[in-house]
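Structural overview
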Amino acid sequence: MSRTPVLRAAVVGTGHRAQLFTRGLAERPGHLVAALCDPSPTRMAFHNRLLTEAGAPAATPWEPGRFTDLLAEEDIDEVVVTTVDAEHDRYIVPALKAGCRVVTEKPMTVDAERCTRILDTVRETGNSLTVAFNYRFNPVHEKVRALLAEGAIGEVLSVHFEWLLDVRHGADYFRRWHREKRHSGGLMVHKSSHHFDLVNWWLADEPREAFGYGRLGFYGRAAGERHGLRREYDRAHGADGAADDPFALDLAANDTLRALYLDAERDDGYLRDRNVFDGPISIEDDMSVLVRYSRGATMTYHLTAYSPWEGYRVMFNGSAGRLELEVEESRWQPALTRVTSAAGALHGDTAAEHAGGARLMLRRLWQPPVDVPLAVAHEAHGGGDPRMLDALFGPADPTRPADTAVADHPTATERDGALALAVGLAANRSFETGRPVRTDELLAGRRDVGIAD
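Computed from a predicted model, the values in this text were never measured in an experiment.

**Side note on the sheet that holds strand 6 (residues 129-132)**
The mixed open sheet is built from seven strands, whose spatial order is 3-2-1-4-5-6-15. Only two strands of the sheet have a single neighbouring strand rather than two, namely strand 3 (60-62) and strand 15 (412-413). Bridge count between strand 1 (residues 7-12) and strand 4 (residues 78-81): four bridges; the pairing is parallel. Bridge pairing links A9 to E78 in strand 4. Across the sheet, helix 2 (residues 41-53) lies against strand 2 (31-37) and strand 3, angled at about 165 degrees from strand 2, the strand it touches most. Across the sheet, helix 13 (residues 384-393) touches strand 2, strand 4, strand 5 (101-105) and strand 6, and the angle it forms with strand 5 is around 165 degrees.

**A word on the domain arrangement of the chain**
Along its sequence, the chain is organised into domain 1 (7-131), domain 2 (135-219 + 281-381 + 410-438) and domain 3 (222-268). Centre-to-centre, using C-alpha coordinates, domain 1 lies 29 Å away from domain 3. Contact residues are listed per partner, giving twelve residues for domain 1 and nine residues for domain 3. Taken together, the two surfaces of domain 1 and domain 3 that pack against each other cover about 770 Å², and 58% of this comes from carbon and sulfur. Counting the surface domain 1 buries against domain 3, the share from its top three residues, T42, R43 and F46, is 62%. Along the contact surface separating domain 1 from domain 3 lie one salt bridge. Taking the shortest distance from any N to any O, the salt bridge between R43 and D268 comes out at 2.5 Å. Between the two partners, domain 1 and domain 3, sit five residue pairs in polar contact (both at pLDDT 80 or more). Looking at side-chain class alone, the side of domain 1 that touches domain 3 contains three nonpolar, seven polar and two charged residues.

Reading the values: the criteria
- Residues numbered from 1 in each chain as written.
- Predicted model: local features only at pLDDT ≥ 70, side-chain atom pairs only at ≥ 80, totals over all residues.
- Heavy atoms only, no water.
- Pairing = 2+ DSSP bridges.
- Helix = DSSP H or I, 4+ residues; strand = E, 2+ residues; numbered from the N terminus.
- Contact = heavy atoms within 4.5 Å.
- Axes fitted to C-alpha atoms, helices over the stretch in contact; angles between N-to-C directions.
- Domains from an automatic or database assignment.
- Buried area = accessible area lost by both parts, 1.4 Å probe.
- Salt bridge = Lys/Arg side-chain N within 4 Å of Asp/Glu carboxyl O.
- Polar contact = N/O pair within 3.5 Å; in protein donor to acceptor, adjacent residues only side chain to side chain.
- Nonpolar A, V, L, I, M, F, W, Y, C, P; charged D, E, K, R; others polar.

Written out as structure tokens, the structure reads:
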């Protein structure tokens, strides 16, 4: 009787988001998390507890400086990269060269130079790179794509997309490493890459030019003082000024946050609970972008990171009608709420206490509007996380009936990662220069991703 071969995996970066992959691989036959790689032994120990709780053996912990040794000595077949965004290429490139299949969290990377390095390595090695754009696997987003693809509103001529992060989730980007653009690329790269990939995927088109304005108008020291929101503390833990601050994060009040970050500070000094109204902050919190696509469609996009409610609205105007989607992920947020998620999440893993609804309306020319039925989940990023794991690594239970929609769902490649990144990079440059920026100025001549001179 033949045995299913086991693929040996390495998870690189063992913070909050990596839990999805550590657990997901441990639950799936044919996969073994053989190695963990992180600067913090404390965080790696936490992930090893996740493995043993799932009935899997503990993985070998490795320091980042010995990553290439890890690949060889642990005989790694697949690598999952969930590090700080600016560090992705540091692991993607050697893993591809070693012949590994690589899955990286979004964004693929944070700048054009690193992107080019990754694309060149994929082309030279012929090996596989997948970007974990989980929003593609949200059934609501799949329904939108199906309607557009079948021509429900004819040729799509324009898109209006508004994404709102509430003052609980949005604030979190301004207290952790994402607050510095050199680490994250800013929200246009880190957060909006989700949205730009969705529009590229929905339209089956490629971005050509972007123009935008961005500012830090709510968070940061100056804005906090201007609006009377600033409290005098550097980080929340142990600070008197943070005790009644609704923008403070209490790491000690959540077991997972304490284990992953507070207990790990002795390893690398990383502070997860910085004051959102203090520096250094080099990213924007209010961004408006106009994007032009290769077939002529345009998109107006706005991201707000300080809204009283969380969710998004996207509208498509076509030659035969209009399609409108609105999703309320959180209708409002009460002050001084603690993180209750067992995974230590502020958003996505569990449904918000005040989650709202979703509505998809089709308005064809000369016809009454039609509400399109939706099955909406607010946890696990709209149901996208488990379905993405199934697409990447197979089902946790191979005996259950296959989800044909997942089986036939194409995962995002390095090309998709580069096209989503191109919009964010062009927007960032436009913020600086005040002029429209062509994507081929950033990734010139990249015919392998559809961006050509």
